[in-house]
Amino acid sequence: MNHYTRGRKLALVAATAGAVAALAFLPAWAQPPQPQTPAVHGPWMDKSLSPDKRADLVLAEMTLDEKIVLVHGAGGFGAAGSRSNGGAGMIAGIPRLGLPDLQLADSAVGVRSAADRGRYATLLPSTIGEAATWDPKLAFEYGKLIGRELRDQQYNVTLGGGVDITREPRNGRNFEYQGEDPVLAGKMVAQLIRGLQSQNLIGDVKHYAFNDQETGRSIGNVKLGKRAMRETDLLAFEIAVTEGQPGMVMCSYNKVNGDWACENSYLLNSVLKKAWGFQGFVLSDWGGTHSTAKAALAGLDNEEPGYRYFGDPLKTAVTNGDVPLARLDDMVHRIVRTEFAAGIVDDPPRGRVVDPFAGAELAQRIAEQASVLLKNDRGQLPLNAAMVKSIAVIGAHADSGVLSGGGSAQVDAPGADRARWNVPVWFPSSPLAAIRAKAPKAKVEFNDGADPAAAAALAKAAEIAIVFVNQPTSEGRDVPTLTLPDKQDDLVSAVAAANPHTIVVLETGGAVSMPWIGQVSAALEVWYPGICGAQAAANILFGDVNPSAKLPVTFPKTDADLPHPQIPGIDLIPAGGGRGGRGRLPDFDIDYTEGLKVGYKWFDAEDKQPLFAFGHGLSYTSFAYSGLKAAIDSVSFTVRNTGKRAGVEIVEVYAGLPAAANEPPKRLVAWDKVALAPGASKTVTLPLDPKFLSIFDEQKDDWSLLPGEYKILVGGSSRSTPLTAVVSH
Ligand code: BGC
């Protein structure tokens, strides 16, 4: 037990979906306020006009004060006297013009701020797990479900869409992002945004940009060259913005090359709005605005959650000419055109009872496709329910529930008070119960793992030992090391020494080290698996589901193998610090000297062997690759199921650029997900996007596809690419 869990009653709550459904039938006073219905008939209400035309028409009617109202927050979390719905933020509308209040809810992995209003929200598997499905269609469904539940609770804006790259594997927020590869992350979050906005809501992407660690997030100055910026984190945002078309972008807390992200003209004006053609609006992370004229001129459109800089000071700045009226009009235009484009004016959320069953079904399906089978020696898994006689289930509160991630991405547990900041919450999906249900004839016993010797004794007496380990992570603090907390490594080693059939199930927010990996027979990474996480894990352990997920992040062997063996700045920050203001702490540089070499690109370039490579993941069947035909704009190859079970293979295509490009050895350029019956094969043809083969040329300020020889590599992981070819361009 550590400071997270010691002596704390777990926030375990209403145990069945039926009980959860009942929570929705609450008296009127406990329900959120009804939305304002626009009883307004101005010409901008004509749905046949474009969002831009409608925004122009309504803007022409506004007073200066009304414009100012739209460009800042009006309090969140149900602040007294505000019309807030209880979410993290609220932007007052203009009733006389039919413009609704914007009700903003955190909803990275499900809707936050629901339970304290007696409402239920589905806790989905974390987005790092969603990324591990490598399935853009599932990402769409993920976003769509959140969108539907937001509407049900009368929110019209999400604050999800996190896509900061896993440059720092100890970042406390990696669980709410999409992994280390910009193409995978960008493509997945783009579909998540599309799914969400399909419900007529405003979607967003955050935290723009380079909020890649929580340590000193409000004081750190990220240093990185333009090329490295554009080819790493910004590429993920570029894909998210251009393919996902979010209505909003949230700028981050940190500085980038000397300027706060929310007043960084390069990031906001030059890249986001000019190069990518972003039509929506930029809002600051909560308290991330630092100035009035500078921020407004750099491209910030909305201050959250209050009005310190964009309230009266902005009105003054416009009146005295420090900020041109045309710029204020642009800010307002962007906000209002987004409202029309999203559909929230024409189709405001009405509020309904949430359907917890639909949410649970999807949460389980995603968890099943998100769980990565890391190791499976001698076919240890799947377990044969009919044959197994005894199982020792050990550790990580596996008798009670599954872990979730902390901070603003926390989904409040149904029936519980608002989850406390940074305190780990286990949701009521019991692995022990799920395992017992699978193997009703077996003797299945639990040990909490607090005493490794006692756990080992139980394991020794059982045929199979399943150790659950976990790593709580949260917004506002990074984990200091990749080592599992609470001496869980010792627990696994003790159990593995006692029982050769030891299986480890990991509930982590990202990569962890596993010094015991050689001692155990199988390991399954389930991330924070959501409200039906236990059922999903049991389905994989017993073979009802054949795992197919692949790692969206590298698992290093040790911290020493990382570009920064210590998180930059961690020695300047008091233990656990990083969320708060600047206090007496000095500003400091976060010098990302690894540049382009993020994640697997670092391990490849430095010739370091990871514990588990990016793209790795096993199945209960096996696959063979053959027949690669490659050109600069497409590849085709055949994949065959060589085992005895039906399975799904995520096929991965990497490219090595011409030597003159001076790039890391390879980068992901395409992938697909192929379902195959035993013995069946399929020829896969995938187009290659020239941008993903290009470098960002700082001189041209544009992408450039260099002439030369490109190496194409195809296989089932970044470190297993049986097919290679060279193509010239
Ligand atoms: C987080 C954002 C979040 C906001 C509102 C900030 O501290 O960084 O991700 O949306 O709070 O809760």
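Residues numbered from 1 in each chain as written. Predicted model: local features only at pLDDT ≥ 70, side-chain atom pairs only at ≥ 80, totals over all residues. Heavy atoms only, no water.

Trainee: I would appreciate a short explanation of the overall build of the protein in the present structure.
Mentor: Counting its regular elements, the protein contains 18 helices and 27 strands. Projecting the C-alpha coordinates of the protein onto the three principal axes gives extents of approximately 80 × 65 × 55 Å. Residue pairs in contact within the protein that sit at least 24 positions apart in sequence constitute 76% of those at least 6 positions apart. Working note: accessible area of the protein is about 24,800 Å², and carbon and sulfur atoms make up 52% of it. (Helix = DSSP H or I, 4+ residues; strand = E, 2+ residues; numbered from the N terminus. Contact = heavy atoms within 4.5 Å. Areas by Shrake-Rupley, 256 points an atom, 1.4 Å probe, with all protein chains shown as cover.)

Trainee: Before we go on, may I ask you to explain the packing of helix α2 (residues 51-59) against helix α12 (residues 325-342) in this structure?
Mentor: Packed helices, taken two at a time, are described by their axes: the angle between them and the distance between them. Packing of α2 against α12 leaves a shortest axis separation of 8 Å and a crossing angle of 125 degrees. Regarding the angle of α2 to α12, the classification is oblique. Regarding α2 and α12, the two cross each other, and that crossing is right-handed. Where α2 abuts α12, its residues P51, D52, R54, A55, D56, V58 and L59 lie against D329, V332, H333, V336, R337, F340 and A341. Grouping the constituent residues of the contact of α2 with α12 by class yields 8 nonpolar, 1 polar and 5 charged. (Axes fitted to C-alpha atoms, helices over the stretch in contact; angles between N-to-C directions. Parallel < 35°, antiparallel > 145°, perpendicular 65-115°, else oblique. Left-handed = near helix turned anticlockwise from the far one by under 90°. Nonpolar A, V, L, I, M, F, W, Y, C, P; charged D, E, K, R; others polar.)

Trainee: Mind showing me how you'd approach the packing of helix α6 (residues 182-197) against helix α8 (residues 233-244) here?
Mentor: Between α6 and α8, whose axes approach to 8 Å, the crossing angle comes to 30 degrees. Taken together, α6 and α8 sit at an angle that is classed as roughly parallel. As for the relative orientation of α6 and α8, their crossing is right-handed in sense. Where α6 abuts α8, its residues P182, V183, A185, G186, K187, V189, A190, I193, R194 and Q197 lie against L235, A236, I239, A240, E243 and G244. Looking at side-chain class alone, the contact of α6 with α8 contains 10 nonpolar, 3 polar and 3 charged residues.

Trainee: Sorry if this is basic, but what is going on with α2 here?
Mentor: Residues lying three or four places apart along an α-helix face the same way, a consequence of the helix completing one turn every 3.6 residues. Here α2 has its buried residues at R54, A55, V58 and L59. End-on, the buried residues of α2 take up no more than an arc of 130 degrees, which puts them together on one face. Structurally, α2 contributes buried residues whose contacts are with α3 (64-70) and α12. (Buried < 20%, exposed > 50% of the residue type's maximum accessible area, 1.4 Å probe, protein only. Arc of directions from axis to C-beta.)

Trainee: For this particular structure, what's the right way to read the environment of I219?
Mentor: With respect to the helices, strands and loops of the structure, I219 is situated in the loop between β4 (204-208) and β5 (220-223). Residue classification places I219 among the buried positions, given a relative accessible area of 2%. C-alpha separation for the pair I219 and Y253, spaced 34 residues apart in sequence, amounts to 7.9 Å.

Trainee: How should the confidence of the model for the protein be read in this particular structure?
Mentor: Detailed conclusions should not be drawn from predicted coordinates in areas where pLDDT is low. With 92% of its residues at a pLDDT of 70 or more, the protein has an overall mean of 92. With pLDDT under 50 throughout, residues 1-34 is counted as low confidence; its partners more than four residues away or in other chains account for 67 contacts. Counting interchain partners and residues more than four positions distant, the pLDDT-below-50 stretch residues 578-582 has 17 contacts. (pLDDT = per-residue confidence, 0-100.)

Trainee: Explain the pairing of strand β20 (residues 634-641) to me, please; I cannot follow it from the model alone.
Mentor: Regular strands place their side chains on alternate faces of the sheet. Extensive coverage of β20 is indicated by the burial of 6 of its 8 residues. Bridge count for strand β19 (residues 623-630) against β20 is 6 bridges, and the pairing is antiparallel. Considered in β20, the bridge of A624 is made with R640. In textbook terms, the turn of a hairpin is the stretch between consecutive antiparallel strands, and for β19 and β20 this stretch comprises 3 residues. Sheet topology note: the β20/strand β23 (residues 681-687) ladder contains 7 bridges and is antiparallel. Pairing of T638 across the sheet is with T683, part of β23. (Pairing = 2+ DSSP bridges.)

Trainee: Help me understand helix α9 (residues 265-275) in this model?
Mentor: For α9, every residue scored as buried is listed here: Y266, L267, L268, V271, L272 and K273. Where α9 terminates, the next one or two residues include G277, which has phi positive at roughly 70 degrees.

Trainee: It is not clear to me how the packing of aromatic side chains should be interpreted in this structure. Could you clarify?
Mentor: This model, assessed by the stated rule, comprises 10 aromatic pairs. Between Y208 and F237, the ring centres sit 5.1 Å apart and the planes meet at 75 degrees, which makes this aromatic pair edge-to-face. Taken together, the residues span a long stretch of sequence, with Y208 in strand β4 and F237 in helix α8 at a distance of 29 residues. With relative accessibility at 0%, the residue Y208 sits in the buried group. Taking the relative accessible area as the measure of exposure, F237 reaches 0% and is therefore buried. On the numbers, 6.0 Å between centres and 80 degrees between planes, the contact of Y600 with Y654 is edge-to-face. One end of the pair, Y600, is in helix α18 (residues 600-605); the other, Y654, is in strand β21 (residues 647-656), with 54 residues separating them in the sequence. One Lys or Arg, R167, reaches over the ring of Y592 and ends 4.9 Å from the middle of that ring. (Phe/Tyr/Trp six-rings, centres within 6.5 Å; stacked < 30°, edge-to-face > 60°. Lys NZ or Arg CZ within 6 Å of the ring centre and 35° of its normal.)

Trainee: Even after reading the chapter, I still don't get the site of the ligand, so can you show me in this structure?
Mentor: Neighbouring the ligand are 15 residues, the closest being D106, R173, H207, D285 and E475. Within the contact set of the ligand, an oxygen atom lies 2.8 Å away from a side-chain nitrogen or oxygen of R173. K206 places a side-chain nitrogen or oxygen 2.8 Å from an oxygen atom of the ligand. For the ligand, whose accessible area on its own is 310 Å², the fraction buried by protein is 98%. (Near = heavy atom within 4 Å. Polar contact = N/O pair within 3.5 Å; in protein donor to acceptor, adjacent residues only side chain to side chain.)

Trainee: Where do I start with the pattern of salt bridges in this structure?
Mentor: Opposite charge on two side chains permits them to pair, given that their charged atoms come into close proximity. Within this structure, the stated rule accounts for 45 salt bridges. A salt bridge links R112 to D106; the shortest N-O distance between them is 2.6 Å. Its relative accessible area of 6% is what places D106 among the buried residues. Linking D589 and K223 is a salt bridge whose minimum nitrogen-to-oxygen distance equals 3.7 Å. In this pair, D589 is assigned in strand β18 (residues 588-591) and K223 in strand β5, connecting sequence segments 366 residues apart. Taking relative accessible area as the criterion, K223 reaches 34% and is therefore assigned partly exposed. Among the charged side chains, a network of salt bridges with common partners joins R173, E176, E214, R217 and E475. (Salt bridge = Lys/Arg side-chain N within 4 Å of Asp/Glu carboxyl O.)

Trainee: Looking at this model, I keep getting lost on the environment of A105. Mind explaining?
Mentor: Tracing the backbone through its elements, the reader meets A105 in strand β2 (residues 102-105). On the basis of relative accessibility, which here comes to 0%, the residue A105 falls in the buried class. If sequence neighbours within four positions are ignored, A105 has contacts with A88, L150, Y155, V157, T158 and L159.

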